Amino acid sequence: MSLIIITRKKELIQYVDEQKEKRKSIGFVPTMGALHDGHASLIRQSVSENDCTIVSIFVNPKQFSIHEDLANYPRTFQSDSELCNKCKATVLFAPTAEEMYSLNFKTEVKVTGLTEVLCGAFRPGHFDGVSTVLAVLINLTQANKLYLGQKDFQQVQVIKKMTADLLFRTQILTCPTVREKDGLALSSRNRYLSPEGRRKAVAIPKALALVAKAFLAGERSVNKLDELCLTELKNEKLIPQYLEFRLISDITQKCEDTLSAESVLAIAQFIEIDGSKTRLIDNIVLGNDSSQIDALNELIKRALG
Ligand SMILES: Nc1ncnc2c1ncn2[C@@H]1O[C@H](COP(=O)(O)OP(=O)(O)OP(=O)(O)O)[C@@H](O)[C@H]1O
Ligand SMILES: CC(C)(CO)[C@@H](O)C(=O)[O-]
Ligand code: BAL
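Below is a short write-up of the structure. This one's a predicted model, so the numbers in the text were calculated from it and none came from an experiment.

### Let's talk about the nonpolar core
Core analysis: the largest hydrophobic core is formed by 45 residues, its most contacted members being Leu12, Ile54, Phe93, Met100, Leu137, Ile159 and Met162. Of all the secondary structure elements, the ones that give two or more residues to this core are α1 (9-21), β2 (26-31), β3 (52-57), β4 (91-93), α6 (126-141), β5 (145-149), α7 (153-165) and β9 (263-273). Considering each element in turn, this core owes the most residues, 9 residues, to α6. Residue contributions to this core reach at least three from each of two domains, namely domain 1 (4-175) and domain 2 (188-304). Formed by 32 residues, the second largest nonpolar core is a distinct cluster that contains Leu233, Phe245, Leu286 and Ala303.

Here it is, written out as structure tokens:
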């Protein structure tokens, strides 16, 4: 069956009600479009686990501050809808901002604490915009399962907290970060990179891979791992906006001295060439689960050869 494109909330509600009446399970993949293989992996996972999969494309104004790239954010609807169709998504929901938020929209959903660190410290209000739009989208789609990418690690933590606190019955699933051959995490914003910027950006997965390698060899000193990462970035004259080791169980806590529990190393890095700046984020989870170790080994293979 080919993809159904819906632009109105009312039509989506009708579609969802019909599926619920037929007791069909619904998977939901929220995106901002400019779709790539990272998005495709989320859609494919949802398709394999649900009777129908709704993908949304909405460049959410509430999560951008005034100096950010809302106006320039890549919009590639034609190829996005082709990708959704190829991945066998059932519905593509693509509302306008006016359709999404009525003129009289007055509600903000705010998760405190964990939105104040990492990206939240540099993008004030960003996660309030994300949680507000996802609260609306979850209510619209009534999804059984919602798929988010590990690349936006903090976003996953925030949305898991929001859905737990507000008793949303949608299950939040995290999908692994899909990477280019050289380890760079796929991101819609990679399109902003010039060839020179793209070359420089490889320092991010390389730096993370050096930490991953040392971690797998038994290194647990936060200072030593931090130093490894910073030195690699410095070789490309890159200074991260943040580079932090935080506890997975509570990302408001920085890891001090020695890594003793499951941790995340998260980075935000501007790539600046000739005055044009692209902000990229990435992270690795430093833990002992086999899936975590596999992800680290995969990154090492790609980034360090
Ligand atoms: N490389 C990736 N691997 C897996 N999931 C990803 C990847 N990149 C993005 N996603 C996930 O896709 C969903 C939609 O993200 P979004 O549309 O913002 O794409 P993006 O590539 O992260 O864009 P941006 O460049 O703006 O960060 C999010 O859950 C995000 O984590
Ligand atoms: C989850 C999301 C679609 C909410 O606008 C966005 O933050 C994104 O693309 O990661
Ligand atoms: N995936 C992150 C969305 C944003 O940067 O606004």
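### Regarding unusual backbone geometry
Phi at Gln142 takes a positive value of approximately 50 degrees, unusual for a residue other than glycine. By the element assignment, Gln142 lies in the loop between α6 and β5. For Asp257, which is not glycine, the phi dihedral falls at a positive 55 degrees. When you line up the elements, Asp257 lands in the loop between β8 (250-254) and β9. Since its relative accessible area comes to 62%, Asp257 is described here as exposed.

### Comments concerning the sheet that holds β8
Read across the sheet, 4 strands follow the order β8-β7-β9-β10 without closing on themselves; strand pairing throughout is antiparallel. Each edge of the open sheet is held by one strand with a lone partner, namely β8 and β10 (276-286). Strand-to-strand twist of the sheet, defined as the mean angle between neighbouring strand axes without regard to direction, takes the value 35 degrees. As judged from the 2 bridges shared by strand β7 (residues 242-247) and β8, these two strands associate in the antiparallel manner. Among the inter-strand pairings, Arg246 is bridged to a residue of β8, identified as Lys254. Packing of helix α9 (residues 203-216) onto the sheet brings it into contact with β7, β9 and β10, and relative to β10 it is tilted by some 15 degrees. Relative to β7, helix α10 (residues 222-235) is tilted by about 155 degrees, and along the sheet it contacts β7 and β9.

Parameters and conventions
- Residues numbered from 1 in each chain as written.
- Chains lettered and ligands numbered in written order.
- Predicted model: local features only at pLDDT ≥ 70, side-chain atom pairs only at ≥ 80, totals over all residues.
- Heavy atoms only, no water.
- Core = buried A, V, L, I, M, F, W, Y, C linked by side-chain atoms within 4.5 Å.
- Buried < 20%, exposed > 50% of the residue type's maximum accessible area, 1.4 Å probe, protein only.
- Helix = DSSP H or I, 4+ residues; strand = E, 2+ residues; numbered from the N terminus.
- Domains from an automatic or database assignment.
- Pairing = 2+ DSSP bridges.
- Axes fitted to C-alpha atoms, helices over the stretch in contact; angles between N-to-C directions.
- Contact = heavy atoms within 4.5 Å.

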